Amino acid sequence: MKGPWQSLQRSHQISILLLLLMFSGMVIARWNQLYFFTPDSARYVIMAKSLVNGTGYREIDTPGEPLYAHRPPGMSLLLSPAALIAPYNVILAKATVWLTGLVMLTLLYLYVLRLQNPEQDRFYWPAILIAGMVAINPYTLFFSTLVMSEIPFMACTLVILYLLAVQPESPGKGKLVLFTCLLIFLPFLRTIGIALVLAVGVWALFRRTRWQWLIGVACSLSATGFWMFRNSALKNSGYVSVALQEIKSQGLVGTVFSILQRCQTHFDSFCQKLFPDMPGTMPRYSRMILDENNILPGPAGVYLILGALVLAISCYGMFKRRLQGGTVTFWYLVFSLGILSLWPWMQQRFTLPLLPVVLAFLPAGWVAFSNHFEVSRPVIRKILVAGCSLLLLLLAGWQLKTDSALIHANLKMIQDPQNFYKDHLPPNQFSNWTAAGTWIRENTNPDARLITRRADVATTGHRYQKLNFFEITNAEKLHKEIQNLPADYLVTFSRDTVSAFPWHLLDQDLVYRMTPVYDEQGVMILKLEPNRSGTIRNQYWHPDDSLKLARAAIEKFPHRLAFQVAYTQQLFAAAHYDELISYVDTLQQQQIADVRLTNLLAWSYIKTKQYQKAVREFERAFSMPDQKMLRRDLVRGINLAHETLEASYQAGAKEEQPVAQNQHSDLQLAENYLRLSEITNAEQTLVRALKQSSEYPEVKGKLHSLLARVYLAKGRTDEAIQQLKNAVTAGETDASHTLRMLQLEEKTEHRLKIPQKKHDAKSEQLTSETLQDVVTLVDWYQSYGVPGQALSLLEQTNALFPNQPEILRLLLQLQLFYAQTSDAEKTLSQLTGLTPDSQNSEGMLNQIEALKKRPRF
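Below you will find a few notes about this structure. (Residues numbered from 1 in each chain as written. Predicted model: local features only at pLDDT ≥ 70, side-chain atom pairs only at ≥ 80, totals over all residues. Heavy atoms only, no water.)

1. A short note on the pairing of strand β5 (residues 523-530)
Within β5, six of the eight residues are buried, which leaves it mostly tucked inside the rest of the structure. Strand direction decides the pairing type here: strand β3 (residues 489-493) and β5, joined by five bridges, are antiparallel. Directly across from Val491, in β5, lies its bridge partner Ile525. Pairing of strand β4 (residues 512-520) with β5 involves eight bridges; the strand directions are antiparallel. Bridge pairing in β5 links Tyr512 to Pro530. Linkage of β4 to β5, two consecutive antiparallel strands, is achieved through a turn of two residues, within which Gln521 is found at a positive phi near 50°. (Buried < 20%, exposed > 50% of the residue type's maximum accessible area, 1.4 Å probe, protein only. Helix = DSSP H or I, 4+ residues; strand = E, 2+ residues; numbered from the N terminus. Pairing = 2+ DSSP bridges.)

2. Some points on the pattern of salt bridges
Scanning the entire structure with this criterion turns up 32 salt bridges. Of the charged contacts, one joins Asp507 and Arg537 as a salt bridge, the two residues approaching to 3.2 Å between their closest N and O atoms. With Asp507 in helix α22 (residues 505-508) and Arg537 in the loop between β5 and α23 (545-556), this residue pair connects regions lying 30 residues apart in the sequence. For the pair shown, Asp507 and Arg537 are each scored as buried. For Arg716, the salt bridge is made with Glu683, and the minimal N-O distance between the two is 3.6 Å. (Salt bridge = Lys/Arg side-chain N within 4 Å of Asp/Glu carboxyl O.)

3. Considering the packing of aromatic side chains
In this structure the tally under the stated criterion is 30 aromatic pairs. Centroid distance Phe420 to Tyr421: 5.3 Å. Interplanar angle 85°. Geometry classified as edge-to-face. Just as Phe420 is buried, Tyr421 falls in that class too. Pairing Tyr512 with Tyr818 gives two aromatic rings, centres 5.4 Å apart and planes at 80°, and the pair type is edge-to-face. Taken together, the residues span a long stretch of sequence, with Tyr512 in strand β4 and Tyr818 in the loop between α36 (805-817) and α37 (821-834) at a distance of 306 residues. Exposure class is identical for Tyr512 and Tyr818. Each is buried. Within the aromatic cluster, the residues linked to one another by ring pairs are Phe36, Phe37, Phe142 and Phe143. Across the ring face of Trp398, the terminal group of Lys401 is positioned such that the distance to the ring centre comes to 5.6 Å. Its guanidinium or amino end placed over the ring of Phe557, Arg560 lies 3.7 Å from that ring's centre, counting from NZ or CZ. (Phe/Tyr/Trp six-rings, centres within 6.5 Å; stacked < 30°, edge-to-face > 60°. Lys NZ or Arg CZ within 6 Å of the ring centre and 35° of its normal.)

This is the structure we're talking about:
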């Protein structure tokens, strides 16, 4: 008997080795320089370098290098060996994740074997089957090729459960030490690891022979508590504090309602991991597939029922193997779902670590369940086995097809990157931020600072940076972000991602000139310079550019979710609400769901005064994955819809609004457009409003005054003056002041052009008057929103009239405002020589030194 048994065992050892080799080949074929998740992946790599540098767990890519608190340090610790060998090397970081993937699959295989009935001969094929289905799962392949903590977390979880299954009671010293170390490390990989810690604690507490396991539980809870105390002392918000704040803000009723919604969402998400490409939502990995991502046939409800059946059988297996850690695993599932239901975030990836744990108990549950049909109903058992085998075969083939699509897209990008981005219009997840970072490192000053859409840039750019979601940032907020850093460059997606940036700012920003200096492989770099003219330009942007690009992309690739979202966003921006509603309704009929699409659909219903439908769509959006990022917009929208519905029910509401109220609305809209640097939209609104007759001169005067501001921004001074005169006639007092400033501007420009030939008393008086006029104009320019024009005037004045302390002081302030470090240093030296006792000099010098500081990469 030994010969056949040893041969069988050897064949299954070969099978698991072949499975690991196949998995490794798939993973390596998916390697690239992309990070995908932001800021998580790049942060892990950057923090790993910070740890090996001995500087602690710090944000070394942020000015001041503050201690980092938002994400636990487990993943960065795991990447520390890679950071020692080749810092910021994304391939080596991905190799670390791949190795943990091999550990995960091996442990899953051994764990399934351990869970078989020890009284019977062990069958190896269920373990091979479970490990194989997990290995070829597109989610496993996808996350095994990213610098993310899901795969290492799954491996660590399986090691802990395997140790409990091998010796559930009275563990040896070595196993207890290993178990304790892993249990301490687990919540530092992912905070949700605390669910397994609590599960082990509940399981071990009620039997004396298991109390030794409580040592690991106590150590893990102590370490996690210390981490939370550290974050609290730093006054930084970690995951736990953010979750508690969310619960406090919603109240008891709101929290219960959210828990029920999230439980349903996370169950749906788990079923998507069991059946990749399940109808109802687009999987995250579909963004790394070029062509259409095929969806499994049939309604989503069928897969939800199958998922519930798999979960039930697995839980039955946990009950049958409760002496081998089944109870711990059951409580782990319960605590995980409980914690996730309280978590403010709802992302598809959160339920992935539960997949191997649930599948590990599936054979045990299936054997126990099928035994009920073994004697009395053998035919039913055969039908079930045949049906399940066929379903598994079809599912495996489907998963391999999706895997091949992921690998095919990656190989296309690697083989011919230049034509790849041009011909295939890949989703923006293919954008090469590390290449853009290399350009930054080679072409910018070491003390240059960036505002970037993704953290990946710093891994190769080695510059201080700050993250910003440009797609939801307006001009006013962006200006504040630029000035707070202050920034020299903006790094965003290219124009192909039409909604990635407020593109009108390339030409219509009155504070900065945003000039493209790099536009390759899906990434654009904008250089920030002062807008010295205080006017707009017509060079990089036209009003209908984005919609044209979106239409062209959706016509070429109608099934790509990224293009579907972009096209919908541009329809909304262009006020094509009926077309948007029809388009999104068509997508929903195709079972395509995304919170961004649902949000825009709801707002379109508001714009078309279909408030009940808007409320329905907003409520639907609240239960969808990734709704956290849009939560403020969703809350604002649903509140507006409810308020409008309530107002419409009130009796006596007037259906018609007077013309004056409409003009007040246009006035407010135009003011908002100007505040957000949307000069073209402001002009269209003002011209339309002025064409309407009005008996209220104060509104008309303000409209003329704002239109004059638009014409000044366009460099049409004569037309602006005429509008200001119309405003004065209409009784607008501020227009008189603007007219005087324009006259003063003309007079000052004339004086600055005349060279000084004499230096007598008259010329000195003229110089004094000119300098005073310059100071007056500088103040007005800044209040008018064109500080770059003030800077230009001061530079010109300083060149003609050097060594004027007041001029130098104002010039220094604006140079620091625009982060012109070298010029500011020269100006400060000149000013200090004239006024050595100035109290502000030291503060200005410290500010300059802070701007010159270089990051320690």
